[in-house]
Amino acid sequence: MPTLEDIRTRLEAVNQAHLLAFIDTLDASPKEQLLAQIEAAEPETFPSLVETYVKNKPLADLPAGVEPAPYYALAGDWDRAAARNAGEDLLRAGKVACFTVAGGQGSRLGYDGPKGCYPATPLSHKPLFQVFAESIRKASSLFGKPIPWAIMPSDLNHDATVAFFAQHKHFGLDPADVIFFPQGSMPAFDRSTGNVLLAAKDALALTPDGHGGSIRALHRSGTLDALRARGIEHLSYFQVDNATVKPVDPVFLGLHVAAADSSGEMSSKIVAKTDAAEKVGLFCNIDGRTAVVEYSDMPVERQQETNPDGSLKFNGGSIAIHAMSLDFLSRVATNPDYALPFHRADKKVPYCEPTSGEIVQPAEPNAVKLEMFVFDALPLAKRSIVLETDRVEEFAPIKNAEGNDSPATSTALQTERAARWLEARGVSIPRSSDSTPACTIEISPLTATDPAHLEGIDLPEEIEAGSEVLL
Ligand code: UTP
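In this text, all values refer to a predicted model and were calculated from it rather than measured experimentally.

A. Broad picture of the overall build of the protein chain. Helix and strand counts for the protein chain come out as 13 helices and 21 strands. A compact globule built from 471 residues would reach a C-alpha radius of gyration of about 23 Å, and the protein chain, at 24 Å, matches this within 12%. Out of the 471 residues in the protein chain, the part that is buried amounts to 52%. Pairs at least 24 residues apart make up 75% of the contacts formed inside the protein chain by residues separated by at least 6 positions. In the structure as shown, the protein chain presents an accessible area of about 20900 Å², 49% of it carried by carbon and sulfur atoms. Computing the positive centroid from 42 side-chain charges and the negative centroid from 64, the protein chain places the two 2 Å apart.

B. Summary view of the pattern of salt bridges. The full count for this structure, using the stated rule, is 30 salt bridges. Where E423 meets R431, a salt bridge forms, and the shortest distance between an N and an O atom there is 3.1 Å. For R431, a relative accessible area of 30% gives the class partly exposed. Among the charged side chains, a salt-bridge network with shared partners connects D390, E416, R420, E423 and R431.

C. How the structure looks around the sheet that holds strand 18 (residues 367-371). Read across the sheet, three strands follow the order 6-18-15 without closing on themselves; strand pairing throughout is antiparallel. Each end of this open sheet is capped by a strand with a single partner; those strands are strand 6 (189-190) and strand 15 (343-347). Two elements, strand 6 and strand 18, share two bridges in a ladder whose sense is antiparallel. Directly across from D190, in strand 18, lies its bridge partner A367.

D. Expanded view of the site of the ligand. Within the structure, the ligand sits among 17 residues, and V101, G103, Q105, S107 and R108 are positioned closest to it. Residue G103 places a main-chain N or O atom 2.8 Å away from an oxygen atom belonging to the ligand. Residue R108 places a main-chain N or O atom 2.8 Å away from an oxygen atom belonging to the ligand. Here the ligand, which alone exposes 570 Å², has 85% of that area covered by the protein. Here the residues of the shell around the ligand sort into five nonpolar, nine polar and three charged.

E. Representation of the nonpolar core within the structure. Counting residues in hydrophobic clusters, the biggest one holds 62 residues, and the most contacted among them are F99 and L235. With five residues, the single largest contributor to this core is helix 3 (residues 46-54). Setting aside residues up to four positions removed in sequence, L235 forms contacts with A97, F99, L218, L227, H322, A323, M324, L326 and L329.

F. Examining the packing of helix 1 (residues 4-13) against helix 2 (residues 28-40) more closely. Between helix 1 and helix 2, the least distance of the axes is 11 Å, while the angle of their chain directions is 45°. Overall, the two elements helix 1 and helix 2 adopt an arrangement that is oblique. The two elements helix 1 and helix 2 meet at a crossing, and its hand is left-handed. For the pair helix 1 and helix 2, contact is made by L4, I7, R10 and L11 and by L35, I38 and E39, respectively.

G. Quick look at the packing of aromatic side chains. Across all of its chains, the model carries 15 aromatic pairs by this definition. Aromatic pair W149 and F165: ring centres 5.6 Å apart, planes at 70°, arrangement edge-to-face. Here F165 lies in helix 6 (residues 158-167) and W149 lies in strand 3 (residues 149-153), a separation of 16 residues in the sequence. An identical accessibility class is assigned to W149 and F165; each is buried. One aromatic cluster in this structure is built from F129, F132, W149, F164, F165, F171, F180 and F238.

H. Broad picture of unusual backbone geometry. A positive phi angle, close to 50°, is found at K169, a residue other than glycine. If you trace the backbone, K169 turns up in the loop between helix 6 and strand 4 (178-180). The exposure class assigned to K169 is exposed, which follows from its relative accessible area of 68%. Located in the positive-phi region is D405, a residue other than glycine, with phi close to 50°. Inspection of the secondary structure puts D405 in the loop between helix 12 (391-394) and helix 13 (407-424).

I. How the structure looks around the side chain of D209. With respect to the element layout, D209 can be found in the loop between strand 9 (206-208) and helix 7 (213-220). Accessibility expressed as a relative area gives 0% for D209, which makes it buried. Setting aside its immediate chain neighbours within four residues, D209 contacts Q183, G184, S185, M186, R216, L370, E371 and M372.

J. Structural detail: helix 9 (residues 250-258). Here helix 9 lies mainly inside the structure; seven of its nine residues are buried. What helix 9 keeps buried is the set P250, V251, F252, L253, G254, L255 and H256. The N-cap of helix 9, judged by a side-chain oxygen 3.1 Å from the amide nitrogen of V251 a few residues on, is D249.

K. A look at the environment of R80. Its location among the elements puts R80 in helix 4 (residues 80-92). Each C-alpha atom, one on R80 and one on P250, is 10.0 Å from the other, the two residues being 170 residues apart in sequence. Beyond its immediate chain neighbours, meaning those up to four positions away, R80 contacts L74 and V251.

What counts as what
- Residues numbered from 1 in each chain as written.
- Predicted model: local features only at pLDDT ≥ 70, side-chain atom pairs only at ≥ 80, totals over all residues.
- Heavy atoms only, no water.
- Helix = DSSP H or I, 4+ residues; strand = E, 2+ residues; numbered from the N terminus.
- Rg over C-alpha atoms; globule rule 2.2 N^0.38 Å.
- Buried < 20%, exposed > 50% of the residue type's maximum accessible area, 1.4 Å probe, protein only.
- Contact = heavy atoms within 4.5 Å.
- Areas by Shrake-Rupley, 256 points an atom, 1.4 Å probe, with all protein chains shown as cover.
- Lys, Arg positive; Asp, Glu negative; His and termini not counted.
- Charge placed at Lys NZ, Arg CZ, Asp CG, Glu CD.
- Salt bridge = Lys/Arg side-chain N within 4 Å of Asp/Glu carboxyl O.
- Pairing = 2+ DSSP bridges.
- Near = heavy atom within 4 Å.
- Polar contact = N/O pair within 3.5 Å; in protein donor to acceptor, adjacent residues only side chain to side chain.
- Nonpolar A, V, L, I, M, F, W, Y, C, P; charged D, E, K, R; others polar.
- Core = buried A, V, L, I, M, F, W, Y, C linked by side-chain atoms within 4.5 Å.
- Axes fitted to C-alpha atoms, helices over the stretch in contact; angles between N-to-C directions.
- Parallel < 35°, antiparallel > 145°, perpendicular 65-115°, else oblique.
- Left-handed = near helix turned anticlockwise from the far one by under 90°.
- Phe/Tyr/Trp six-rings, centres within 6.5 Å; stacked < 30°, edge-to-face > 60°.

Take a look at the structure:
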């Protein structure tokens, strides 16, 4: 632990000595906490962060040559069976772990607790974490190998997340296979001066460093090394709020490791956009590299461009599902040439005024918060493949309390997917005039994570309108 004098000299060198304004008034333990926070925030990086992101705003200029990223289409003529075989081989060899980023604040949902604890399924109201845990258990039993699961909460929800798993006996997983590690944070900067803000006399104003921070957190926490020691070579990455994600998808993993045009470093899934105006990240090809361009950075005219058959040219919407190799993640986490950029957000951040010690609640955005996005790692991969999937099959996010991407739309999609799986097995499903199922169905991941798993299971011939079916 560096001494107070050491920290003071380093802060003075970067004009941030106000962070020690109250140090002489603090008891030993808060004093130590503040010094540790300053050390972890790497004061030497402050001047370039202030210059690049606070005093200036990096321009998101779109290169002229941006084109849609090519992708393996849902109905495309490619060898799905070969991909599945390659993925299954990888799983049988025990080389895959799952990875969930769960450090977000979930402010739009307004749920009091980590988002993964949210009751997400239509009938049994299983929490999201349970849905994923059961899918992982199912895959693990199918492929005969444990599939470790790394979960990254942030300081804001770490303890609650760990306690939730303990309370629910890790949903049947071996606790040794569930690895929690904390997300890193970034200090908030005063928007006009570039000074790092104090949240209190003994604490920096810190905020989670974005899902892209997960890559350095995997490294810093020793999780990459721990997984490597277990023989893991690839991670299946997904967000905490997608109730129908396939945590383990052999076809996707197989393309990622074995497709001729994949370097096996980082791969992605997309869904076709609903229309040109849908607000999702767009999969593009920039100078031969795959990249996600935020919809707000893509001119509207370009988003509306169509192919000769009338389909949207920039059709690949990001759903934040990736496969990544451990080697690639190590490189991104440790090699400065591969450092992810930050994205700036101007926010209202309460702060402790360094002369009076008063806590100020700003009425207007006063601070710059910096976050990294995981998809910014894509262009760092030499050859990165993209797989199209079906929205109903794999994308039922819970983001908002109401409206789009809400619990209501997610449960409707879960029922629709279950209805399709049953229809594929010859079960007659009642449908309303708008063709949505006139019943509620939930299929446990322990029963099936793929329609093929319903084979041999005793199913009803038909489901009555208004009924609830739990399989
Ligand atoms: P979102 O962009 O939906 O953000 O995160 P959020 O914080 O969960 O929700 P809002 O915007 O406050 O309503 C997408 C995924 O990235 C994770 C989230 O937990 C979610 O799985 N995430 C986000 C992190 O792990 N860390 C972060 O700093 C931000």
